[in-house]
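Residue-level structural notes
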Amino acid sequence: MSFPPHLDPPSAPGGIDVPRPEYPRPQVVRERWLNLNGTWQFELDRGDSGLERGLRDRELTGAITVPFAPESELSGVGDTDFLEAVWYRREVTVPAEWAAVDGADTHVLLHFGAVDHDTTVWVDGTEVVRHRGGFSPFTADLHGVAAPGDTVTVIVRARDPRDARQARGKQATWYANTHCQYTRTTGIWQTVWLEPVPAAHLRRPRITPHVASSAFDVVLPLSANRPGHTVTATLTDADGVVATATARADVDLAPALRVVVPDDRVRLWGPGDPHLYGLRVELRDGDGLLVDAVDSYAGLRSVAIDGQAVRINGRAVFQRLVLDQGYWPESLMTAPSDAALVRDIELGLEAGFNGARLHQKVFEERFLFHADRLGYLVWGEFGDWGVSGQGTVGHNQQPTASFTTQWLEVLERDHSHPSIVGWCPLNETHQDLHDRLTVLDDVTRGMFLATKLADPSRPVIDASGYSHRVLETDVWDSHSYEQDPAEFARQMSGLADGAPYENRRPDAAMSLPYRGQPYFVSEYGGIWWNPQAAAAAGNDTAESWGYGQRVADEEEFHARFRGLTDVLLGDPLMFGYCYTQLTDVFQEQNGIYRFDRSEKLDVARVREVQQQVAAVEEADRAAV
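As a starting point, this report considers the structure included with it. (Residues numbered from 1 in each chain as written. Predicted model: local features only at pLDDT ≥ 70, side-chain atom pairs only at ≥ 80, totals over all residues. Heavy atoms only, no water.)

Moving on, we get to the overall build of the chain. Scanning the chain from N- to C-terminus turns up 9 helices and 31 strands. For 624 residues, the compact-globule estimate of 2.2 N^0.38 gives 25 Å, and the chain sits close to it at 25 Å. Structurally, the chain occupies a C-alpha span of about 70 × 65 × 50 Å along its principal axes. Per-residue burial over the chain gives 60% buried out of 624 residues. Here the contacts in the chain between residues at least 6 apart in sequence split such that 72% fall between residues at least 24 apart. (Helix = DSSP H or I, 4+ residues; strand = E, 2+ residues; numbered from the N terminus. Rg over C-alpha atoms; globule rule 2.2 N^0.38 Å. Buried < 20%, exposed > 50% of the residue type's maximum accessible area, 1.4 Å probe, protein only. Contact = heavy atoms within 4.5 Å.)

In structure tokens form, the structure reads like this:
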């Protein structure tokens, strides 16, 4: 499809000298911005004593390439030991021409896409922001500290304590990578950038599609209300203006607009036809003069639950998902380039998947941008691993209050992306149920309710696999890495009788009872196959690891993949699956592709299996 050029703005000035130069927030675009990626001063602080030793107030001894984490090759540091704290320093000149935005009242915003894990930022010695969490964005308003034309020194300290209870995702909690845990990420790992805004400005729009009424609800949070101000949203397509809506901006802190699409301009977003409308939002003063504006986009897409079916735009679309870990050999959790994000989606589509579960990590927003324009279904997830084994049996999961605060920041960032068709706050929270409520019960329910309150338009699963602790969770699932298709079919046969396969220990349940929700197997397969690594490693699972018995050859891989997948495609009560996984990741050798994204097996045969019509799709077609 063609994508309106103004919705993918040009990269930062500097070209090849600025790593990851592309615009980092593609759904809220302003014309003026400054990319701060590149070389920063850097220093390790293994004892987290840097503040006492004066690191904030002096030049640092090393250098790093931002936005790549110091554990990565592309950072230029490549230190994979535990890093209790790291420091960054850079002089920044705010463009003088930004004064045109609002004169002396221009606010310069300093944005961080993600920094792992506890961050403090100083500008010219003034602390401007603190933030906890390694997956969500945060911003410092530098008004009164840095103005257009000023040159200031930015200092960043990121703490990443080895033994703290914190959300880490797949980052290893012991020195070496092992099984399905990988090299750690500390400090800055997404783009750092500046933008100027007026004192009264637009914050991130919240765009919610409504297919039933052919409309978009657009909520426009404001930094301040001014007498006579108005907001206008203009929806466009390739033929020009589709619809507009205007409201006063002087009485509501978050004016809400409904933009109705005329019948002859309605075009739904979905796999195969990911149509996107352009959306421009303007804030004007009482004289009609432009105060602030952002460019965005929107997809008209619905998600609904009908009994045990999950429907997209009213139809049963079997969700053929792949588990995407979002790691690269040279750059870890940061994509080495924007093209690498696109390529992962293309690889999934080429293998016959129509979407992905974005696993144990909050992906860069540009991944969602590309998923939006390529019609790739995704489930948004939080990287909650890192708090297991913290107590006795029945109390071994110890998530903290910051899980909920971080997750709310993620929901705010990602609400408007049409590619997201479901939310998954937690993963594999394996803990026995018993007669007392625990912190896991509180956090699971809290994150579920927070998600439903923040976004009632999408289904939410309370936790993927193992421990369903919210009776009214929208979706139920299980994880099964059974490698024998016949035994796998036996496991899954109970769904027809209302007793689906659940993850549990032989002598203890982990989940509250199933209540007839839509059901899918959100992790299966994980077939262990990498011919070169297998031959070299022998039985050394530290070098080559996967689930179950390793297949003997590629032919056995394809037979096993077909056998397992046919069980799920053929179940009329199953709405989807998620295969583990898209690529090998370090020692975990169970990807469809190698870690470097090269092919290791006949992808066309994988695609052919998945192109079969699923039973739920067959029933849907018959009903039309």
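Across 5 bridges, the pairing between strand β13 (residues 206–210) and strand β14 (residues 215–219) is antiparallel. Each bridged residue has a counterpart across the sheet, and for His210 the counterpart in β14 is Ala215. The hairpin formed by β13 and β14 contains 4 residues between the paired strands, and Ser214 there has a positive phi angle of roughly 50°. Across 5 bridges, β14 lies against strand β17 (residues 256–260) in antiparallel orientation. Bridge assignment links Phe216 to a residue of β17, and that residue is Val259. (Pairing = 2+ DSSP bridges.)

In total, this model carries 44 salt bridges according to the counting rule given. A salt bridge links Asp432 to Arg505; its shortest N-O distance comes to 2.3 Å. You can see Asp432 sitting in the loop between β28 (420–424) and α4 (439–454) and its partner Arg505 sitting in the loop between α5 (485–492) and β30 (519–525), a full 73 residues away along the chain. What makes Asp432 buried here is its relative accessible area of 9%. Three or more residues joined by partner-sharing salt bridges are found here, namely Arg25, Arg30, Glu195 and Asp292. (Salt bridge = Lys/Arg side-chain N within 4 Å of Asp/Glu carboxyl O.)

All right, on to helix α7 (residues 554–569) then. The periodicity of an α-helix, 3.6 residues per turn, causes residues three or four positions apart to be oriented the same way. A rise of 1.5 Å per residue sets the reference length of α7, with its 16 residues, at 22 Å; its end C-alpha atoms lie 22 Å apart and thus fit the reference within 8%. Here the buried face of α7 lies against β25 (319–324), α5, β30, β31 (574–580), α8 (603–610) and α9 (615–623). (Expected span 1.5 Å × (residues − 1).)

Before going further, it helps to examine the sheet that holds strand β12 (residues 192–197). Taking strand neighbours across the sheet as the criterion, the 4 strands line up as β1-β12-β5-β9 in an open arrangement whose pairing is antiparallel. Both edges of this open sheet fall to β1 (34–35) and β9 (138–141), since each of them pairs with a single strand only. Looking at chain direction, strand β5 (residues 107–112) and β9 are connected through 4 bridges and run antiparallel. Note on β9: the bridge partner recorded for Leu110 is Ala140.

In this section: the pairing of strand β23 (residues 309–312). Burial along β23 is two-sided: the face carrying Ala309 and Arg311 and the face carrying Val310 and Ile312 are both buried. Where strand β22 (residues 303–306) lies against β23, 4 bridges are found, and the strand directions are antiparallel. Bridge assignment links Val303 to a residue of β23, and that residue is Ile312.

Next up on the list: the sheet that holds β17. In space, the 3 strands of this open sheet follow the order β13-β14-β17, with antiparallel pairing throughout. Each end of this open sheet is capped by a strand with a single partner; those strands are β13 and β17. Going from strand to strand, the sheet's axes swing by 20° on average, the running direction of each strand aside. (Axes fitted to C-alpha atoms, helices over the stretch in contact; angles between N-to-C directions.)

With that settled, the discussion passes to the packing of aromatic side chains. Evaluated as defined, the whole model comprises 28 aromatic pairs. Aromatic side chains Phe216 and Tyr277 sit 5.8 Å apart centroid to centroid with 75° between the ring planes, which places their arrangement in the edge-to-face category. With Phe216 in strand β14 and Tyr277 in strand β20 (residues 277–284), the pair connects residues that are 61 residues apart, well separated along the chain. Phe216 sits in the buried class, given a relative accessible area of 1%. Members of the aromatic cluster, joined through ring pairs, are Phe318, Phe488, Tyr524, Phe557, Phe561, Tyr577 and Tyr579. Seen from the ring of Phe82, Arg162 lies directly overhead, with NZ or CZ sitting 3.9 Å from the centre. (Phe/Tyr/Trp six-rings, centres within 6.5 Å; stacked < 30°, edge-to-face > 60°. Lys NZ or Arg CZ within 6 Å of the ring centre and 35° of its normal.)

Turning to the packing of helix α3 (residues 401–414) against α4, a few remarks are in order. For the pair α3 and α4, interaxial distance at closest approach is 10 Å and the crossing angle is 20°. Considering their axes alone, α3 and α4 lie roughly parallel with respect to each other. Between α3 and α4 the crossing geometry is right-handed. Where α3 approaches α4, its residues Phe403, Thr404, Trp407, Leu408 and Leu411 are matched on the opposing element by Val443, Met447, Ala450, Thr451 and Ala454. Split by residue class, the contact of α3 with α4 holds 8 nonpolar, 2 polar and no charged. (Parallel < 35°, antiparallel > 145°, perpendicular 65-115°, else oblique. Left-handed = near helix turned anticlockwise from the far one by under 90°. Nonpolar A, V, L, I, M, F, W, Y, C, P; charged D, E, K, R; others polar.)

This part covers unusual backbone geometry. Of note, the amide linkage connecting Asp116 to His117 takes the cis form, showing an omega dihedral of 15°. Mapping His117 onto the fold places it in the loop between β6 (115–116) and β7 (118–123). Look at Asp48: it is not a glycine, yet its phi comes out positive at around 50°. Turning to its location among the elements, Asp48 is positioned in the loop between β2 (38–44) and β3 (62–66). Among the residues examined, Asp48 registers a relative accessible area of 24% and is labelled partly exposed. With a phi angle near 55°, Asn313 is a residue other than glycine that sits in the positive phi range. Mapping Asn313 onto the fold places it in the loop between β23 and β24 (315–316).

Attention now goes to the environment of Ala454. As for its position among the elements, Ala454 is in helix α4. A sequence separation of 46 residues divides Ala454 from Leu408, and the C-alpha atoms of the two residues are 7.7 Å apart. Discounting residues that sit within four places of it in the chain, Ala454 has contacts with Arg206, Leu411 and His415.

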